[in-house]
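Examining the three-dimensional arrangement
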Amino acid sequence: GFVVWQDGRIATTLGAIAGTREAEIVLADGRSFREVEVLAVDLQRDLAVVRVPVRNLPALALGDSGLVREGDPILAAGVTTSTGTAFKEGVVKAIRMLSPELTVFETSIPIAVEAAGGPVLDATGKVIGVGTPVPPEAAVKGIAVPASYLAPMLLAERPVPLAELSRQLDVGLLKDCPADELEHAVKTLLTAISVGVPQYNGGDHAACAKTYESAAL
């Protein structure tokens, strides 16, 4: 993920946090935090905004995703190591409208699973997308979800602890299930989302459908 506001708000993919009750966020300066609040999630676009209890963080500015064109040069965050985060150069290969509610940027840069939720920057250093890994067998190398989808999510002010994310999802049909079975069902659904969303974003709609179908059986 990456810092988007100085008050500790961090953008990432939903898949990076789905299905987990604990997480440790490590900042570039080495500080780490386990007190993670979830401010907003977008299931369809595989996005999440979380917050850690720290202020005055250097934040990346969001660019105008609507101005992105095919062939534009980009930088995508790779795997972070002890020496810092490695960025890779590439271009926007295509702009794909997957549905009326979801448009994505296909990138020439592979997005590693370890780098899920990392920023994709334009030539000015502004964030124009959130990197989303795709399955190795997918026809595309990488996908970036436009940063414009983050804008309304950043305004959220009703945080919930990460551990409660599962219980905040709509599982009304399971309200009469025993607690242990309900927890298992929620975990299964979150796992399916974390796998199915990258498949859908990568254009493999059939694989996504199979993933959700297997979770329902």
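Residues numbered from 1 in each chain as written. Predicted model: local features only at pLDDT ≥ 70, side-chain atom pairs only at ≥ 80, totals over all residues. Heavy atoms only, no water.

1. Let's talk about the sheet that holds strand 5 (residues 37-42)
Spatial ordering of the open sheet is given by 1-2-6-5-13, a layout of 5 strands whose pairing is antiparallel. Each end of this open sheet is capped by a strand with a single partner; those strands are strand 1 (2-3) and strand 13 (160-161). (Pairing = 2+ DSSP bridges. Helix = DSSP H or I, 4+ residues; strand = E, 2+ residues; numbered from the N terminus.)

2. Topic: the pattern of salt bridges
In a structure, side chains of opposite charge can pair up when their charged atoms sit close to one another. Tallying each qualifying case throughout the model produces 9 salt bridges. The residue Arg34 makes a salt bridge to Glu24 at a minimum N-O spacing of 3.5 Å. Pair noted here: Arg34 is in the loop between strand 4 (32-33) and strand 5 and Glu24 is in the loop between strand 2 (9-12) and strand 3 (25-26), with a separation of 10 residues, a long-range link. Among the ionic pairs, Glu157 bridges to Arg51, the shortest N-O distance being 3.8 Å. Taken together, the residues Glu157 in the loop between strand 12 (142-146) and strand 13 and Arg51 in strand 6 (residues 47-51) connect sequence positions 106 residues apart. Among the residues examined, Glu157 registers a relative accessible area of 52% and is labelled exposed. Since its relative accessible area comes to 15%, Arg51 is described here as buried. The network of salt bridges with shared partners includes Asp7, Arg9, Glu37, Arg51 and Glu157. (Salt bridge = Lys/Arg side-chain N within 4 Å of Asp/Glu carboxyl O. Buried < 20%, exposed > 50% of the residue type's maximum accessible area, 1.4 Å probe, protein only.)

3. Digging into the packing of aromatic side chains
If you walk through the whole model with that rule in mind, you get 0 aromatic pairs. Of note, Arg45 hangs over the ring of Tyr149, and the distance from its end group to the ring centre comes to 4.0 Å. (Phe/Tyr/Trp six-rings, centres within 6.5 Å; stacked < 30°, edge-to-face > 60°. Lys NZ or Arg CZ within 6 Å of the ring centre and 35° of its normal.)

4. Describing the nonpolar core
Core analysis: the biggest nonpolar cluster contains 24 residues, and Phe2, Leu47, Val49, Leu150 and Met153 have the highest contact counts within it. Where this core is concerned, the elements lending two or more residues are strand 5, strand 6, strand 9 (102-107), strand 11 (127-132) and strand 12. Those residues in contact with Met153 that lie beyond four places of it in its chain are Ala40, Val41, Asp42, Leu47, Ala48 and Val49. (Core = buried A, V, L, I, M, F, W, Y, C linked by side-chain atoms within 4.5 Å. Contact = heavy atoms within 4.5 Å.)

5. A word on the environment of Ile95
Positionally, Ile95 belongs in strand 8 (residues 84-99). Overall, Ile95 belongs to the partly exposed group, its relative accessible area being 34%. Separated by 27 residues in sequence, Ile95 and Val68 have C-alpha atoms that sit 8.5 Å apart. Setting aside chain neighbours within four positions, we find Ile95 in contact with Val68, Arg69, Glu70, Thr103, Val104 and Phe105.

6. A short note on the side chain of Thr107
Examined against the element boundaries, Thr107 turns out to sit in strand 9. Here Thr107 falls in the buried class, since its relative accessible area comes to 1%. For Thr107, the side chain forms a polar contact with the main-chain oxygen of Ile109, separated by 2.8 Å. Thr107 has contacts with Ile74, Val91, Lys93, Lys141, Gly142, Ile143 and Ala144, leaving out every residue within four places of it along the chain. (Polar contact = N/O pair within 3.5 Å; in protein donor to acceptor, adjacent residues only side chain to side chain.)

7. Quick look at the pairing of strand 6
Consecutive side chains of a regular strand alternate in pointing toward one face of the sheet and then the other. For strand 6, a buried count of 5 out of 5 residues is recorded, marking the element as mostly surrounded by other parts of the structure. Of the two faces of strand 6, the one lined by Leu47, Val49 and Arg51 and the one lined by Ala48 and Val50 are each fully buried. Sheet topology places strand 5 next to strand 6; 5 bridges connect them, and they run antiparallel. Looking across to strand 6, one finds that Glu37 is bridged to Arg51. Hairpin connection, strand 5 to strand 6: the antiparallel pair is bridged by 4 residues, and Asp46 has positive phi, about 60°.

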